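Spelled out, the chains give:
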Amino acid sequence: MSGVRAVRISIESACEKQVQEVGLDGTETYLQPLSMSQNLARLAQRIDFSQGSGSEEEEAAGAEGDAQDWAGAGSSADQDDEEGLVKFQPSLWPWDSVRNNLRSALTEMCVLYDVLSIVRDKKFMTLDPVSQDALPPKQNPQTLQLISKKKSLAGAAQILLKGAERLTKSVTENQENKLQRDFNSELLRLRQHWKLRKVGDKILGDLSYRSAGSLFPHHGTFEVIKNTDIDLDKKIPEDYCPLDVQIPSDLEGSAYIRVSIQKQAPDIGDLGTVNLFKRPLPKSKPGSPHWQTKLEAAQNVLLCKEIFAQLSREAVQIKSQIPHIVVKNQIISQPFPSLQLSISLCHSSNDKKSPKSATEKQSPEDHLYVLEHNLHLLIREFHKQTLSSIMMPHPASAPFGHKRMRLSGPQAFDKNEINSIQSSEGLLEKIIKQAKHIFLRSRTAATIDSLASRIEDPQIQAHWSNINDVYESSVKVLITSQGYEQICKSIQLQLNIGVEQIRVVHRDGRVITLSHEGQELQDFLLSQMSQHQVHAVQQLAKVMGWQVLSFSNHVGLGPVESIGNASAITVASPNGDYAISVRNGPESGSKIMVQFPRNQCKDLPKSDVLQDSKWNHLRGPFREVQWNKMEGRNFVYKMELLMSALSPCLL
């Protein structure tokens, strides 16, 4: 029935255990299976040792059958098949081979017994010992014993020498394996530091920053090859490495970015030339693979090219009052009037070394690590912006960007806020702002240092903050007099140095904004130092008990100062007999006048109006003090001596 579909039938295997009895309740009692020893004993009981073996008769019959087969070679094929079936018919008794082995062993034992009995009786066979050569007369048992010991010691020494040779050989092989590192182990070390992939039968690596978000079109691919330039039969050098890398020709050598900030006329605060990302010639350190330094130098070249390409692209796109100039590998910009910022890419290959670059040595002052670190941060932020880390809009038709940009109503952004969010500064603009800030900060520091070294009285101190921003720094300026720091604390200035201007915060909260010109800051500090002297006289008068009659920071009388305004103060002695007037200007200097009582002025003309003697106690005209001839280390100390001389004695 070919048309009927086949049906699968499940056949249950028979129970291995036999049923001994079935109880009245239907429970079955099974017989336990026999163990191996019980099964062997049961099979041995079936052997009938009394029955004769017919193997000899079968062998004889088989021999006769073979003779007949050879004799009747032309017999039919059917007879041959029947004889073959009879010849190779297996034995039906399982213990047949055991019995045959026992019979052969019994036969051999009987033969051995017969031989021993013949030898013992010596009737038919005699056993003679083997003849040995006689010992020479000179050799005695002690000599033989010595020779045997020497032979045994020589054998033991040979064994020890063979073991030592094996150990020396193994140590030598281990040292050679350390010097000649395996290619696979070196490839594993390379894979731990660099990104590798296999393309066909080649192993390629990646030097670019595409995984970090870079969009630089350079592929940055290097190839890993096996170093076969060395002859393994000769001595292997210590710096041998079985692995080598092949980098693109345009990434060979060393590269760095040169930033030059110069003025047309020499002035304080010039930075000169700064080399960024410049590294010395690659020299492999002992124990470090040479391919690591080679790849790091190539990646540094790629980074410099990417930064310069981004700067060049932004220099062409940015619209400024003074346009940026891009010529070959150089970008020229003017952050301030008469100030030139030049950014150039310098790339030198190892094959073509100019004598100038070979003899050029990099000094620690030429390297500005802060700007290099800021460039790293800027390029990292630029890479991060290109990554797909922005939250996807919901719904999908909404624009990308901040979530509030997709809202409507009172919480939505207006046009100005949206423009402020969408406007982003480029890499070149940030670098120019940082260059402006660095230039302004260095000019401020140079101005303060020049004033501190040039003017000894009063003293000017600058305390720079360690925590600054890339676009803003702060310095605290203190103007004091030596020996009177505790009472002369009136002038304390906080200078906040920005990108294009300097904000000065006084102690009383007044804010003054200065431009980037260094002369303006210098004039301001000179005027503050001039006012400090007048404030110091005011504080000293309070300590000495003198009375302040008048005080002014901006005096409208006298010669006009070209820098700021002159300040003046007038103080009177405790008893009112003497008065001191001080006028101090940034350019004119100090002028001190002392007013004496009229009774002490002998050269005064007699007046017909003042006839009463009580008018003699009034103070007379002012007399100028020759301040240069006064003793004292500074202005405040001289003023203290003068007040002490004019004060009444209280004893």
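Keep in mind the model is a prediction, meaning the values are calculated, not measured. (Residues numbered from 1 in each chain as written. Predicted model: local features only at pLDDT ≥ 70, side-chain atom pairs only at ≥ 80, totals over all residues. Heavy atoms only, no water.)

Student: When you look at the nonpolar core in this model, what are you seeing that I'm missing?
Tutor: In a soluble, globular protein the nonpolar side chains are often hidden away together inside. The biggest cluster of nonpolar side chains holds 43 residues, and the ones touching the most others in it are L190, L243, L295 and I343. Elements with a contribution of two residues or more to this core: α6 (183–193), β5 (221–226), β6 (243–246), β7 (254–263), α7 (290–317), β11 (339–348), α9 (369–386) and α11 (427–454). Looking at this core element by element, the count peaks at 11 residues for α7. Leave out the neighbours within four places in its chain, and L190 touches L196, V224, L243, V245, W291 and L295. (Core = buried A, V, L, I, M, F, W, Y, C linked by side-chain atoms within 4.5 Å. Buried < 20%, exposed > 50% of the residue type's maximum accessible area, 1.4 Å probe, protein only. Helix = DSSP H or I, 4+ residues; strand = E, 2+ residues; numbered from the N terminus. Contact = heavy atoms within 4.5 Å.)

Student: I keep staring at the environment of M544 and nothing clicks. Help me out?
Tutor: Summarising the element assignment, M544 is placed in helix α12 (residues 518–544). By relative accessible area, M544 is classed as partly exposed at 25%. For the pair formed by M544 and E640, sequence separation is 96 residues and the distance between their alpha carbons is 8.2 Å. In this view, M544 contacts E640, M643 and S644; residues no more than four positions away in its chain are not counted.

Student: Sorry, what's going on with the sheet that holds strand β13 (residues 473–480) here?
Tutor: Remark on secondary structure: sheet strands pair via backbone hydrogen bonds, oriented parallel or antiparallel. If you walk across this open sheet you meet the five strands as β12-β13-β14-β15-β16, and the pairing is antiparallel. In this open sheet, the two edge strands, each paired with only one partner strand, are β12 (459–464) and β16 (511–514). Taking each pair of neighbouring strands and ignoring which way they run, the sheet shows an average axis angle of 25°. Across the sheet, α11 lies against β12, β13, β14 (492–497) and β15 (502–505), angled at about 150° from β12, the strand it touches most. Sitting on the sheet, α12 is in contact with β12, β13, β14, β15 and β16, with an inclination near 145° to β16. (Pairing = 2+ DSSP bridges. Axes fitted to C-alpha atoms, helices over the stretch in contact; angles between N-to-C directions.)

Student: Quick question: what am I supposed to make of the confidence of the model for the protein here?
Tutor: Looking at the protein, the pLDDT average stands at 76 and 70% of residues meet or exceed 70. Taking the mean pLDDT of every element in the protein, the minimum, 41, falls on helix α8 (residues 355–359) and the maximum, 93, on β15. Per-residue pLDDT stays below 50 along residues 84–89; that stretch engages in one contact with residues further than four places along the chain or on separate chains. Here residues 352–367 is modelled with pLDDT under 50, and outside its nearest four sequence neighbours on either side it reaches 15 contacts, counting other chains as well. (pLDDT = per-residue confidence, 0-100.)

Student: Looking at this structure, I do not really get the sheet that holds strand β4 (residues 202–206). What am I missing?
Tutor: Pairing is antiparallel in the open sheet, where four strands are placed in the order β3-β4-β5-β6. In this open sheet, the two strands that pair with only one neighbour each are β3 (195–199) and β6. Neighbour-to-neighbour, the strand axes of the sheet open up by a mean angle of 35°, direction not taken into account. Pairing analysis gives five bridges linking β3 to β4, with the strands arranged antiparallel. Bridge assignment links K198 to a residue of β4, and that residue is I203. Set on the sheet, α6 makes contact with β3, β4, β5 and β6; between it and β6 the angle comes to about 50°. Across the sheet, α7 touches β5 and β6, and the angle it forms with β6 is around 15°.

Student: Can you help me understand empty space enclosed by the protein in this one?
Tutor: Summed over all chains, the structure comprises two cavities of 30 Å³ or more. The calculated volume of the second largest cavity comes to roughly 40 Å³. Surrounding the second largest cavity, I261, P335, L339, Q340, L341, A435, K436 and F439 form its lining. When contributions to the lining of the second largest cavity are tallied by element, the ones reaching two or more residues are β11 and α11. A breakdown of the residues in the lining of the second largest cavity according to their chemical character gives six nonpolar, one polar and one charged. (1 Å grid on protein atoms, 1.4 Å probe; cavity = no way out; pocket = protein on both sides within 12 Å on 5 of 7 lines; lining within 4 Å. Points joined across faces, edges and corners; volume = space filled by probe spheres on them. Nonpolar A, V, L, I, M, F, W, Y, C, P; charged D, E, K, R; others polar.)

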